[in-house]
Amino acid sequence: MVNLAQEPQGVAPKAPPVDAIWEALRQVMDPEIPVLSVVDLGIITGVEVSPDQSVIVRMTPTFAGCPAIRLMEKQVGEAVEQLGYTQVQVETDFSVTWNSNRISDHGREIIRHFGLAPPPKHNGEPDLDRLKHTECPYCASANTTLKTPFGPTLCRSMHYCFDCLQAFEQFKPV
Ligand SMILES: [Zn+2]
């Protein structure tokens, strides 16, 4: 392992393009859904590399109550450092409001395979009636009911499917 921080000044790390940073960020997972990357979650709003090889990654916080954001910020910084960058700043981007529509289609598939109902896309306001009949991630039935809007984490609601008789959680639309 080469410690780039100890190389003489002026020797910039080999400069991978911004694309390489996005690729590295695809390896950083949401701690609550460890198969869903922060990129598919839609919380990375920008990546910049300055001429002096310092990197700024901007992230928008998801749910205000989700403690995972601090951990994700740390992991995002580390993922970029592993590419050889020594000056990495992870900034919270308040100019972009995260909502569940920012989750990529690929991300929704991943959430479903994980056994969670992905949040339905909406036009501004999540539709509470639709939340009551969330499609079951196991059998795709809509014959379901909302048990409680408060699941084991603030980000999830609890549901029950009358067709396959299984309880399931939904990644709450916001
Ligand atoms: Zn079902």
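Model, not experiment: these values are computed from the prediction.

### Some details on the overall build of the chain
Right, on to step 1. Looking only at helices and strands, the chain features five helices and nine strands.
Right, on to step 2. Ordered by position from N to C terminus, the α and β elements of the chain give α-β-β-α-β-β-α-β-α-β-α-β-β-β.
Right, on to step 3. Counting the 174 residues in the chain, one finds 29% classified as buried.
Right, on to step 4. The contacts in the chain between residues at least 6 apart in sequence include a share of 54% that link residues at least 24 apart.

### Remarks on the pairing of strand S9 (residues 167–171)
Right, on to step 1. Among the five residues that make up S9, four are buried, leaving the element largely enclosed by the rest of the structure.
Right, on to step 2. In this sheet, S9 lies alongside strand S6 (residues 116–117) in parallel orientation, the contact comprising two bridges. Counterpart to alanine 117 in the pairing with S9 is glutamine 170.
Right, on to step 3. Bridge count between strand S8 (residues 156–161) and S9: five bridges; the pairing is antiparallel.

### Side note on the environment of glycine 124
Right, on to step 1. Its location among the elements puts glycine 124 in the loop between S6 and helix H5 (128–132).
Right, on to step 2. Sequence-wise, glycine 124 and asparagine 101 are 23 residues apart; in three dimensions their C-alpha atoms are separated by 9.1 Å.

### Brief notes about the environment of glutamate 78
Right, on to step 1. With respect to the helices, strands and loops of the structure, glutamate 78 is situated in helix H3 (residues 68–81).
Right, on to step 2. For glutamate 78, a count of 13 C-beta atoms within 10 Å translates into the label partly exposed.
Right, on to step 3. Taking the C-alpha atoms as reference points, glutamate 78 and alanine 24, 54 residues apart in sequence, are found 9.8 Å from one another.

### A short note on unusual backbone geometry
The bulk of non-glycine residues show a negative phi, and the bulk of peptide bonds are trans.
Right, on to step 1. Even without glycine at this site, glutamine 53 takes up a positive phi of about 70 degrees.
Right, on to step 2. With respect to the secondary-structure elements, glutamine 53 resides in the loop between strand S3 (44–49) and strand S4 (55–59).
Right, on to step 3. The backbone of leucine 165 sits at a positive phi, close to 55 degrees, despite the residue not being glycine.
Right, on to step 4. Position of leucine 165 among the secondary structure elements: in the loop between S8 and S9.
Right, on to step 5. Taking the number of C-beta atoms within 10 Å as the measure of exposure, leucine 165 has 9 and is therefore exposed.

### Points about the packing of helix H1 (residues 18–25) against H3
Right, on to step 1. As a packed pair, H1 and H3 sit with axes 9 Å apart at the nearest point and diverge in direction by 130 degrees. What the angle tells us is that H1 and H3 run oblique. For the crossing formed where H1 meets H3, the hand is right-handed. Residues Ile21, Ala24 and Leu25 of H1 touch H3, and the partners they reach there are Val76, Ala79 and Val80.
Right, on to step 2. Here the residues of the contact of H1 with H3 are counted per class, giving six nonpolar, no polar and no charged.

### Considering the sheet that holds S8
Right, on to step 1. The strand order across the open sheet built from four strands is S6-S9-S8-S7, with neighbouring strands paired in mixed fashion. Because the sheet does not close on itself, it has two edges, and the strands there are S6 and strand S7 (144–148).

### Things to note about helix H4 (residues 105–113)
Right, on to step 1. Those residues of H4 lying buried are Gly107, Arg108, Ile110 and Ile111. With its buried residues spanning 160 degrees around the axis, H4 presents them on a single face. Facing away from the buried surface of H4 by more than 90 degrees, the exposed residues are Asp105, His106, Glu109 and His113.
Right, on to step 2. Summarising the contacts, the buried residues of H4 are in contact with strand S2 (33–37), helix H2 (38–41), S6 and S9.
Right, on to step 3. Immediately downstream of H4, the backbone of glycine 115 shows phi near 95 degrees, a positive value.

### Re the sheet that holds S3
Right, on to step 1. One open sheet holds the three strands; their spatial order is S3-S4-S5, and the pairing between them is mixed. Both outer strands of the open sheet, S3 and strand S5 (88–92), are each paired with one neighbouring strand and no more. If you compare each strand with its neighbour and ignore which way they point, the axes differ by 15 degrees on average.
Right, on to step 2. Where S3 lies against S4, five bridges are found, and the strand directions are antiparallel.

Criteria and thresholds
Residues numbered from 1 in each chain as written. Predicted model: local features only at pLDDT ≥ 70, side-chain atom pairs only at ≥ 80, totals over all residues. Helix = DSSP H or I, 4+ residues; strand = E, 2+ residues; numbered from the N terminus. Buried ≥ 20, exposed ≤ 12 C-beta atoms within 10 Å, placed from the backbone. Contact = placed C-beta atoms within 7 Å. Pairing = 2+ DSSP bridges. Axes fitted to C-alpha atoms, helices over the stretch in contact; angles between N-to-C directions. Parallel < 35°, antiparallel > 145°, perpendicular 65-115°, else oblique. Left-handed = near helix turned anticlockwise from the far one by under 90°. Nonpolar A, V, L, I, M, F, W, Y, C, P; charged D, E, K, R; others polar. Arc of directions from axis to C-beta.

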